[in-house]
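Observations on the three-dimensional arrangement
So the chains spell out like this:
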Amino acid sequence: MKVHHADITTAMRTPADSPSGQEPSSEVNGASSGDAGRESRLVVELKGIRKSFGSVEVLHGVDLEVHAGEHVVIFGPSGSGKSTLLRTINLLEEPNAGSVRVLGVEYGPGVPGERVEKRGGPLQLRRHVGMVFQQFNLFPHLSALHNIALALRSVRGLGRRAAEEKAAHSLRQVGLLRFAAHYPGELSGGQQQRVAIARALSLDPEVMLFDEPTSALDPELVGEVLAVMRVLAESGMTMVIVTHELNFAREIGDFNVFMDEGLVVESGPRGFFESCSNARTRQFMEAVL
Ligand SMILES: Nc1ncnc2c1ncn2[C@@H]1O[C@H](COP(=O)(O)OP(=O)(O)OP(=O)(O)O)[C@@H](O)[C@H]1O
Ligand SMILES: [Mg+2]
């Protein structure tokens, strides 16, 4: 099933965002959340990921698969290695051991004894993987539009005009076109995070990673960011989300991963929040939910 990116626009747009009344026509490839199954195309495959900082190992051999159109949710206590694992997917952290495969290309050290057909570098990888951080990471001296256009010019090599047009389109997708000329300091935290999502989205990633995208926000601003993510999920975008918003995780998670102390303790499909059986998982859920 193909779903129009316009869906996200429809849900988030305010009337002022669409003076022409025209709907964007680009389409997203991939399964909708409804038919995303574990049998569909593998987008991300992590195997045996180990990561140390100095002499301290913080990931002790983690496996993770993310299929096209799937929404994988990762949760667990502070310091369990969620961010480190997520950052390994686009090599913001280089693993000491293990395989990081994105769309079949190997970017990590690999698994001993396993044949590697194609190997790629970080820049190639980051063309496929978008990332949204807790702290937005927008440039304060650039407007919302220019934050996005800069990414398009440097990562995609677009000219100024094409970059600005695409940036405007992305801002419209998150309902913020009328804030295009605003600087981050003139936007609320929720709006800044929506700009950061638009920036990642504008690069047409195959998968988007979110590291606690709402934890730096005042509670009343969380909803608008989750609404954008929800619509993005419904459009069929492949997503990996680290979050403490367990109700949102329960709603959106096609596959759920509980981490503790640098390991995946337990994982499972929809219904995981009710069916998980590991004592540590249950204890965490009871404390947080
Ligand atoms: N750059 C770094 N240098 C040294 N240690 C680090 C670094 N980044 C993370 N760590 C350590 O690695 C472990 C895992 O950290 P990580 O940030 O991945 O945890 P987390 O599950 O994301 O926690 P939180 O929920 O607080 O964000 C922690 O013990 C942390 O102190
Ligand atoms: Mg973290």
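The structure this text deals with has already been given above.
Described in the following lines is the structure provided in the data block. Quantities reported herein were computed from a predicted structural model and do not represent experimental measurements.

Counting secondary structure elements, the chain contains 10 helices and 12 strands. When burial is assessed residue by residue, the chain has 44% of its 289 residues classed as buried.

On to the sheet that holds strand β4 (residues 56-67). Within the open sheet, the four strands sit side by side as β4-β3-β6-β7. Their pairing is antiparallel. The open sheet is flanked by β4 and β7 (105-106), the only strands paired with a single partner. Across the sheet, helix α2 (residues 82-89) lies against β3 (42-53), β4 and β6 (97-102), angled at about 125° from β3, the strand it touches most.

Take the pairing of strand β10 (residues 238-242) next. Look at any regular strand and the pattern is simple: side chains alternate between the two faces of the sheet. In terms of burial, β10 is a largely internal element, five of the five residues being buried. Neither face of β10 is left uncovered, since the one carrying Thr238, Val240 and Val242 and the one carrying Met239 and Ile241 both have all their residues buried. Examined bridge by bridge, strand β5 (residues 71-75) and β10 share four bridges and lie parallel to one another. Within β10, the residue paired with His71 across the bridge is Met239. When strand β9 (residues 207-211) meets β10, the two strands line up parallel, connected through five bridges. Bridge assignment links Leu209 to a residue of β10, and that residue is Val240.

The next subject is the sheet that holds β10. Read across the sheet, six strands follow the order β8-β9-β10-β5-β11-β12 without closing on themselves; strand pairing throughout is mixed. Taken across any chain shown, the strands that pair with only one partner, and hence form the sheet edges, are β8 (129-132) and β12 (263-269). When strand polarity is set aside, the average angle formed by the axes of neighbouring strands in this sheet is 15°. Sheet topology places strand β11 (residues 255-260) next to β12; six bridges connect them, and they run antiparallel. Directly across from Phe255, in β12, lies its bridge partner Pro269.

Okay, the site of ligand 1 next. Contacts to ligand 1 come from Phe53, Val58, Ser78, Gly79, Ser80, Gly81, Lys82, Ser83 and Thr84. In terms of residue count, α2 provides more of the shell around ligand 1 than any other element does, three residues in total. Grouping the amino acids of the shell around ligand 1 by side-chain chemistry returns two nonpolar, six polar and one charged.

Take the nonpolar core next. Counting residues in hydrophobic clusters, the biggest one holds 70 residues, and the most contacted among them are Ile74, Ile148, Leu171, Leu209, Val240 and Val257. In terms of residue count, the dominant contributor to this core is helix α7 (residues 219-234) (seven residues). Dropping the residues within four chain positions of it, Val240 is found in contact with Val66, Val72, Ile74, Leu86, Ile89, Val207 and Leu209.

Further remarks concern unusual backbone geometry. For Asn137, which is not a glycine, the phi torsion comes out positive at approximately 55°. Note that Asn137 resides in the loop between β8 and α4 (144-156). With 13 C-beta atoms counted inside 10 Å, the residue Asn137 sits in the partly exposed group. For Glu261, which is not glycine, the phi torsion reads 50° and is therefore positive. Its place among the elements puts Glu261 in the loop between β11 and β12. Judged by the 14 C-beta atoms lying within 10 Å of it, Glu261 is partly exposed.

What follows covers the packing of α4 against helix α6 (residues 189-202). Two elements in contact, α4 and α6, have axes separated by 9 Å at closest approach and are oriented at 25°. It follows that α4 is roughly parallel to α6 by the angle criterion. Note that α4 runs across α6; the crossing there is right-handed. Residue-level inspection shows Ala144, Asn147, Ile148, Ala151 and Leu152 of α4 in contact with α6, the latter providing Val195, Ala198, Arg199 and Ser202. Its residues assigned to classes, the contact of α4 with α6 comprises six nonpolar, two polar and one charged.

Here is what the cut-offs are and how they apply
- Residues numbered from 1 in each chain as written.
- Chains lettered and ligands numbered in written order.
- Predicted model: local features only at pLDDT ≥ 70, side-chain atom pairs only at ≥ 80, totals over all residues.
- Helix = DSSP H or I, 4+ residues; strand = E, 2+ residues; numbered from the N terminus.
- Buried ≥ 20, exposed ≤ 12 C-beta atoms within 10 Å, placed from the backbone.
- Pairing = 2+ DSSP bridges.
- Contact = placed C-beta atoms within 7 Å.
- Axes fitted to C-alpha atoms, helices over the stretch in contact; angles between N-to-C directions.
- Near = placed C-beta within 6 Å.
- Nonpolar A, V, L, I, M, F, W, Y, C, P; charged D, E, K, R; others polar.
- Core = buried A, V, L, I, M, F, W, Y, C linked by C-beta atoms within 7 Å.
- Parallel < 35°, antiparallel > 145°, perpendicular 65-115°, else oblique.
- Left-handed = near helix turned anticlockwise from the far one by under 90°.

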